Amino acid sequence: MQIDLRTVEIKPLRQTFDHLAERFGDKPATRYQEGTYDIQQTWLYHYRPTWEPDLEIFDERRTRIRMKDWYDFKDPRQYYYGAYTIARAKQQEAADSAFAFAVENGMVEALPERSRELMLQFLVPARHAEWGANMNNMFMSAYGYGTAFEAACNYAAMDRLGIAQQISRIGLALGGEEALHAAKELWLRGASWQPLRRYLEDSFVVKDWFELFVAQNLVLDGLLYPFLYRHLRTLISADGNAFHGLATKFMSDWDSEATRWVDAIVKTAVAESAENKLLVSEWAFDYFGRGTEALAALAVAAFGSDAEAVVGVITDELKARLQKLGIWEGE
Amino acid sequence: MDMKATQKKMSLKDRYRHLTRGLDWETTYQPMDVVFPYDKYEGIKVHDWDKWEDPFRLTMDAYWKYQAEKERKLYAILDSFNQSNGHLNVTDARYINAIKIFFTAVPQVEYMAHRGFSIAGRQFRGVGPRVACQMQAIDEIRHAQTQIHTASNYNKYYNGINAFVHQYPRMWYQSVGKSFIDDAITGGPFEWMVAIGFSFEYVLTNLVFVPFVSGAAYNGDVGTMTFGFSAQSDEARHMTLGLECIKFMLEQDPDNLPIVQGWIDKWTWRGTRFLSLIGAMMDYMLPKRVMSWREAWDIYFEQNGGALFRDLARYGIKVPDCVAQAAEAKEHVSHQLWAALYQWNFGTMFHTWIPSPEELDWLSAKYPDTFDKYYRPRWEMWAQMEKEGKRYVNAGGLGANCQVCQFPMIFTEPGDPTKLCHRQTVYKKEKYHFCSDHCQHIFENEPEKYIQSWLPVNQMLQGNMGGGGLEEFFKWVHLRPGIDNMGFEGSEDQRNFAQWRGMATTNS
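All chains use their own residue numbering, which begins from 1 and follows the written sequence. Each chain gets a letter, beginning with A, and each ligand a number, beginning with 1, in the order they are written. Residues qualify for local features only when their pLDDT is at least 70, as the model is predicted, and side-chain atom pairs are given and counted only at 80 or more; totals for whole chains, interfaces and linings, by contrast, use all residues.

### Re helix α7 (residues 194-204) of chain A
Residues and elements named next belong to chain A.
Now for step 1: Where α7 is concerned, the buried positions are Leu-196, Arg-197, Tyr-199, Leu-200 and Ser-203. When α7 is viewed along its axis, its buried side chains cluster within an angular range of 155 degrees and face the same direction.
Now for step 2: By definition, residues are in contact whenever their C-beta atoms, placed on the basis of the backbone, come within 7 Å of each other. Where helices and strands are cited, they refer to DSSP runs of H or I of at least four residues and of E of at least two residues respectively, numbered from the N terminus. On its buried face, α7 sits against α5 (126-143), α6 (147-189), α8 (209-237) and α11 (274-303). Residue burial is a threshold on neighbouring C-beta atoms within 10 Å of the residue's own C-beta, all placed from the backbone, with 20 or more meaning buried, 12 or fewer meaning exposed, and counts in between meaning partly exposed. Relevant arc is that of directions from the helix axis to the C-beta atoms, nothing else.

Next comes the structure, spelled out in structure tokens:
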């Protein structure tokens, strides 16, 4: 038997704010909608920025992409701050217990030398790449247009800081401070890491935030994540140790979730106009080439004679994804 | 690579260092000055970013954990508040007008703070401040959103909050807050930190949060109280960041002192003017008062701020000159502002009223030197006019706006509360008007910035606010005259509240 508790019912004057009623009709809005739509002002800024006097505080001209409604860039995860932090806290809790399980069960000590070396040389230096991804997503949050897009970039930036810190903890578990120093040395001077570092440093001076989104979140992540968290993991678990898998659970989960968001943004931009489609395609093509070069340098060092096959699998997958998004023609 | 796992336990400080600063590197494929183009042009000299002392050490795993816990609690309370019609428990529906002022302005200002800290969180080349600013960036969007989510339920039942997105750039008095934060974000990252991180978060924020949130608690508004308390624990982090940034700049190079002092002077005055709105709320809008604006100013600005400036004296920082004028103004601003809102109430989205005889007595007691002498007679006269059906309205429109703070000319001359204060200056053959010496000085230091100000009165006269006439203005600004504004007595809000509270508390 169901019993409905009674509360005094009074009739509201309206269901939502005017700007949401204009978009969706006068019905109760979700917390995502309330916290996102039209919150960034679009006109009347009083003053031009002293740091960029040719443009307004928020200015559509900071990207070459054109949208009639910038709030088409909605987040399929519908993250507002509360939903976002609660989701991440849960993921972090799961990741912490997996990591603790591995450490407590002696998996670090039991790690075969080859696996250990692979992690020290190919996973731990990637913490710097994550820090670069943090900077790039902060840039998109700072200068991107519209709350829907930029707030998700602020969340992504914090995610990347979190992941950089998670990788650092793995480094500390594997070899203490020395492991981190050695990884930084590889990042700064190791031949196999230089193409990636160059890719990132070049991205730091890109001014167009949508181009940067393509360079970082679509192409580079699309190449690096499968490399670090699938192919490297497979290679290491072939040694019979699950440390990599347990210690990087957060990253794999995060990647599949973030990919949904990234693809939704790209799809929306491309669907808007032929001009957008052409621009995004050109960017994707350009960064795909440079990113593949960076990936290949790492793959050769990690996989030796299997490198070509690994790079082939990863790039084919990304090409297929880009094709699905409508920005890759031909094979 | 041969490497032994180090056995010794690392200190928290070292660990944090590895998890933040250790991530960063000097770029070589692109010059650092191109990667970080904006942290030198303001003239602040930094010799060693590594000297930055992290004011708090929070890694992302801990951040998510703490913040998620706070969010769970906050939204559980909000849901229950909404479900049980908690809004009917406030002392009196007049109170809701105070939160209308808050909810239609502050979330937008918080949002701008989020964007400003995103910029700083990308642009500082030092990792310490960069990471701290990133956390504040995401905190600030939290504040904007939790405020909007709290406002959402009030919006369903009361008028005046529904058009906050439309009104933020359009409502004449909102240009005070908007120009304040737009001024800050258009400065460089260091000025931003002094404006918002230090002057606002450290020196002035307690004047917003403590009285306002206590006001909510005193008046039975559990929703507002809850987001307020929840935000306060973030504010504690923000305050330490602002202070650390000031100390860092001052310790890095003696040449930084005059620049920092100039910003502190400017932003203390900008903030003081902006906060006059809170003064009017505290003294006139809360049915159950927490303390007077003057008392709040004494505690949170003069005592707490005084201690802070004594602490900064060893760096050569002086108390800003404007503080003397602000100390005198604390006796006046709330009365002058509420009188302005009353006479121009036809152009706002909240109701006003004349204080009751009891409230007039409270004001007399709280302002023994000024209220009876300068302000009570006016309220008694206006009360008499209302009684005779001739409510006073200043149909002549607003006076000129101050070119800097954008308040209309409603504040009085220091030393003579019977005379409006008005300053003017000529720049490139154009005449500009100011409410005070301090606003004039701010203009004179950066005239090219402030000649850009979009002043509501001028824009209205030029027909840029809907077309020129009042009717067009109302439409343009999403106002329903007489429903969203004017007297609280007889308003839809008053009627609905009485009826709904009756339904909730009686059987008829």
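Alright, that's what it looks like, and here's the rest.
### Side note on the UniProt feature "domain: YHS" (unreviewed entry) in chain B
Now for step 1: On the UniProt side, "domain: YHS" (unreviewed entry) is annotated at positions that read residues 412-454 of chain B here.
Now for step 2: Annotation note: span residues 412-454 of chain B, helix share 30%, strand share 40%, distance between end C-alpha atoms 23 Å. UniProt positions are given in the numbering used here, feature names are shortened, and annotations may be inferred rather than shown by experiment.

### Details of the interface of chain B and chain A
Now for step 1: Facing the 71 residues of chain B at the interface are 72 residues of chain A.
Now for step 2: The element best represented in the side of chain B that touches chain A is helix α6 (residues 127-157) of chain B, accounting for 14 residues.
Now for step 3: For this classification, Asp, Glu, Lys and Arg are treated as charged, while Ala, Val, Leu, Ile, Met, Phe, Trp, Tyr, Cys and Pro are nonpolar and the rest, including Gly, are polar. Here the residues of the side of chain B that touches chain A are counted per class, giving 33 nonpolar, 26 polar and 12 charged.

### Examining the packing of helix α3 (residues 81-104) of chain A against helix α3 (residues 60-83) of chain B
Now for step 1: Relative orientation of the contacting elements α3(A) and α3(B) amounts to 130 degrees, with a least axis distance of 8 Å. Judged by the angle between their axes, α3(A) and α3(B) are oblique. In this structure, α3(A) crosses over α3(B), and the sense of that crossing is left-handed. On α3(B), the residues that touch A:Gly82, A:Thr85, A:Ile86, A:Arg88, A:Ala89, A:Gln92 and A:Asp96 of α3(A) are B:Asp61, B:Trp64, B:Lys65, B:Gln67, B:Ala68, B:Glu71, B:Arg72 and B:Tyr75.
Now for step 2: Residue composition of the contact of α3(A) with α3(B), by class: five nonpolar, four polar and six charged. For every element, the axis is a line fit to its C-alpha atoms; helices are fit only across the contacting stretch, and the angle between N-to-C directions ranges from 0 to 180 degrees. Here roughly perpendicular refers to angles of 65 to 115 degrees, roughly parallel to angles under 35, roughly antiparallel to angles over 145, and oblique to all remaining angles. Helix crossings fall into two classes, left-handed where the near helix is turned counterclockwise from the far one by less than a right angle and right-handed where it is turned clockwise.

### Notes on the pairing of strand β4 (residues 423-427) of chain B
Two faces, one strand: in a regular strand the side chains alternate between the faces of the sheet.
Residue and element names in this part refer to chain B.
Now for step 1: Any two strands are treated as partners once DSSP identifies two or more bridges connecting them. Note that β4 and strand β5 (residues 430-434) share five bridges and pair antiparallel. By the bridge assignment for β5, Val-426 is matched with Lys-431.
Now for step 2: The loop that links β4 with its antiparallel partner β5 comprises two residues; one of these, Lys-428, has a positive phi angle of about 45 degrees.

### Describing unusual backbone geometry
Now for step 1: Phi is positive for A:His46, close to 65 degrees, though the residue is something other than glycine.
Now for step 2: Mapping A:His46 onto the fold places it in the loop between α2 (31-36) and α3.
Now for step 3: A residue is classified by how many C-beta atoms lie within 10 Å of it, and A:His46, with 22 of them, is buried.
Now for step 4: Residue B:Asn85 is not a glycine yet carries a positive backbone phi of 50 degrees.
Now for step 5: Within the secondary structure layout, B:Asn85 lies in the loop between α3 and α4 (95-103).
Now for step 6: B:Asn85 gets classed as partly exposed once you count the C-beta atoms within 10 Å, which come to 18.

### Remarks on α6(A)
All names here are of chain A.
Now for step 1: The span expected for a helix works out to 1.5 Å for each residue beyond the first. With 43 residues, α6 extends only 39 Å from end C-alpha to end C-alpha; this falls clearly short of the ideal 63 Å at 1.5 Å per step.
Now for step 2: Each residue is assigned a bend, namely the angle between axes fitted to the seven residues that terminate at it and the seven residues that start at it. At Gly-175, α6 shows its largest kink, close to 120 degrees.
Now for step 3: The element α6 is largely enclosed, with a buried count of 33 among its 43 residues.

### Examining the environment of A:Cys153
Residues and elements named next belong to chain A.
Now for step 1: Mapping Cys-153 onto the fold places it in helix α6.
Now for step 2: Linking Cys-153 and Thr-315, residues 162 residues apart in sequence, is a C-alpha distance of 25 Å.
Now for step 3: Apart from the residues lying within four places of it in its own chain, the contact partners of Cys-153 are Asn-137, Met-140, Ser-141 and Gly-144.

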